[in-house]
Amino acid sequence: MSVILGIESTAHTFGIGIVKDGKILANVKETYTTEKGGIIPVESAKHHEKFCKLLLKKAFDECGMSFENVNAIAFSQAPGLAPCLLVGLRFAKKISKENNIPLVPVNHCVAHLEIGRITGAKDPVMLYASGANTQIIAYASEKYRVFGETLDIGIGNFIDTFARYTGLGFPGGPKVAELALKSNSEKYIELPYSIKGMDVAFSGMLTKLRQLFERKQATIEDLSYSLQETAFAMLVEASERALAHTGKKELLLGGGVACNKRLQEMCRIMCEERGCKFFVPPNSLLVDNGAMIAYLGEIQFKSGIKFSGKEADKLDINPRQRTDHIKVTWR
């Protein structure tokens, strides 16, 4: 039996989750938002510092536990925005030292994939669609291999940048999705469709969208609809190629953009046509959250990955660590 406390702080969300033997007991978070513009890393870090203690108390209250029950503290070590990652690292080290509890460093991207196990997926190809990350990942030879990815910006950052251009604020994904529902296929606008093998690129589409908006050649609703239809079709095509290449029979969605119902629908249709199984966790586990950090933290802890004393003091953040840099010793 083990109880793991997880701390998420890679970008705009500070979250704390508590997991016991693979079961989520608590999952609380606060998210930094803006009315205009995008995420400001230093301001987001200040937001995290403000809420870390409050969320810790809330998580413990939610499951009726305390540090006496906790076997290890997992934290998001990588990748992410350095100022935000540092808040999580410092908080993890502080409560680890005060309570003599070992630390478990976790890769945020791998956590998105591992939490997918709760859906029943066993060996999937994962379409990981979040703010800074867009990758198509699958396990092979002791690593989570990246079979395809964005060549420029992540799908979430692409959508958020479009939202910023058009004055929708941050985060832009939910607002774009809502606007897209007010348009339809008859009003679809052809946009640059850039896919190379299993890699995708969004900068050309972003430039075209900005031009159309500035010249008032299309409504924000029609642009939002066309953006989703084009960008998501690219992701689905790349995912289908990865399924064909790996021979796997499961597709798992992960990351905040995976909350989008249209993306889920397009993936589901593709899987049905291929005879594959489709899995998607609930929204609370798709967005950045502490429970997924605790969940992977428990898996790693049980495999012997933990740091105490001077070893824990030496732990640092790794903002640019890639998914395929992690040796998966727990499978």
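Structure first, text after, so check above.
First things first, this report covers the structure right here in the doc. Model, not experiment: these values are computed from the prediction.

Quick look at the packing of helix 7 (residues 220-246) against helix 8 (residues 261-274)
Part 1: The interhelical angle for the contact between helix 7 and helix 8, taken along N-to-C directions, is 35 degrees, at an axis separation of 10 Å. In this structure, the crossing between helix 7 and helix 8 has a hand that is right-handed. Here helix 7 contributes Gln228, Glu229, Phe232, Ala233, Leu235, Val236, Ser239, Glu240, Leu243 and Ala244 to the contact with helix 8, which in turn contributes Arg262, Leu263, Met266, Cys267, Met270 and Arg274.

A word on empty space enclosed by the protein
Part 1: Evaluated as defined, the whole model comprises one cavity of 30 Å³ or more.
Part 2: There is about 40 Å³ of room inside the largest cavity.
Part 3: For the lining of the largest cavity, the elements supplying multiple residues, two or more each, are strand 7 (134-140), strand 8 (143-149) and helix 7.
Part 4: When grouped by side-chain class, the residues that make up the lining of the largest cavity number six nonpolar, four polar and one charged.

Quick look at the sheet that holds strand 12 (residues 277-279)
Part 1: Ordered in space as 8-7-6-11-12, the five strands form an open sheet in which the pairing is mixed. The open sheet has two edge strands with one neighbour each: strand 8 and strand 12. In this sheet, adjacent strand axes meet at a mean angle of 25 degrees when their direction is disregarded.
Part 2: Looking at chain direction, strand 11 (residues 250-254) and strand 12 are connected through three bridges and run parallel. Residue pairing across strands places Leu251 opposite Phe278, the latter belonging to strand 12.
Part 3: On the sheet, helix 7 packs against strand 6 (125-129), strand 7, strand 8 and strand 11 and is oriented at approximately 155 degrees with respect to strand 6.

Rules behind the numbers
- Residues numbered from 1 in each chain as written.
- Predicted model: local features only at pLDDT ≥ 70, side-chain atom pairs only at ≥ 80, totals over all residues.
- Heavy atoms only, no water.
- Axes fitted to C-alpha atoms, helices over the stretch in contact; angles between N-to-C directions.
- Helix = DSSP H or I, 4+ residues; strand = E, 2+ residues; numbered from the N terminus.
- Left-handed = near helix turned anticlockwise from the far one by under 90°.
- Contact = heavy atoms within 4.5 Å.
- 1 Å grid on protein atoms, 1.4 Å probe; cavity = no way out; pocket = protein on both sides within 12 Å on 5 of 7 lines; lining within 4 Å.
- Points joined across faces, edges and corners; volume = space filled by probe spheres on them.
- Nonpolar A, V, L, I, M, F, W, Y, C, P; charged D, E, K, R; others polar.
- Pairing = 2+ DSSP bridges.

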